[in-house]
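Summary of structural features
As a plain string of letters, each chain reads:
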Amino acid sequence: MDLNKLELPLFVRSRTDGDGYNPLGLKGRKKIKDILIDAKVPREEREKIPVVLDQKGIVWFAGFRIDERVKITENTQKILHIDYITN
């Protein structure tokens, strides 16, 4: 993620009903629920996947795409890399 585009601090939480964001490379907003269904993530695993937010909203749904708003471009000077490690 482009560090300069983030509105710090970052927060991590579980998804909530209605959560959605603009995944990198996709046109428009998509609900996290639909992303999970499309990826065939088992229902019992869905609540375990963290959501990373800045002060403006979701910047990354862990294990999936970052938000278009924080993408790296040719003007990016600082990058934030976050790893999501599962058991």
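Structural notes, computed from the coordinates. (Residues numbered from 1 in each chain as written. Predicted model: local features only at pLDDT ≥ 70, side-chain atom pairs only at ≥ 80, totals over all residues. Heavy atoms only, no water.)

1. Re the pattern of salt bridges
- Enumeration over the complete set of coordinates arrives at seven salt bridges.
- Between E7 and K56 there is a salt bridge; the shortest N-O distance is 4.0 Å. With a gap of 49 residues between them, E7 in the segment before β1 (11–13) and K56 in the loop between β4 (51–54) and β5 (57–61) connect regions that are remote in the sequence.
- Under the relative-accessibility criterion, K56 is labelled exposed at 59%.
- The salt bridge partner of K48 is E45, with a shortest N-O separation of 3.4 Å. (Salt bridge = Lys/Arg side-chain N within 4 Å of Asp/Glu carboxyl O. Helix = DSSP H or I, 4+ residues; strand = E, 2+ residues; numbered from the N terminus. Buried < 20%, exposed > 50% of the residue type's maximum accessible area, 1.4 Å probe, protein only.)

2. Digging into a positive patch on the surface
- Residues R29, K31, K33 and R43 make up a contiguous surface patch of positive charge.
- Relative to the helices and strands, K31 is located in strand β3 (residues 30–31).
- Residue K31 is classed as partly exposed on the basis of its relative accessible area, which comes to 49%. (Patch = residues over 30% accessible without salt bridge, like charges linked within 9 Å, V, L, I, M, F, W, Y side chains within 5 Å. Areas by Shrake-Rupley, 256 points an atom, 1.4 Å probe, with all protein chains shown as cover. Lys, Arg positive; Asp, Glu negative; His and termini not counted. Charge placed at Lys NZ, Arg CZ, Asp CG, Glu CD.)

3. Comments concerning unusual backbone geometry
- P9 follows L8 through a cis peptide bond whose omega is 5°.
- In this fold, P9 is placed in the segment before β1.
- Of note in the backbone geometry, K40 takes a positive phi value of approximately 55° without being a glycine.
- As for its position among the elements, K40 is in the loop between α1 (32–38) and α2 (43–46).

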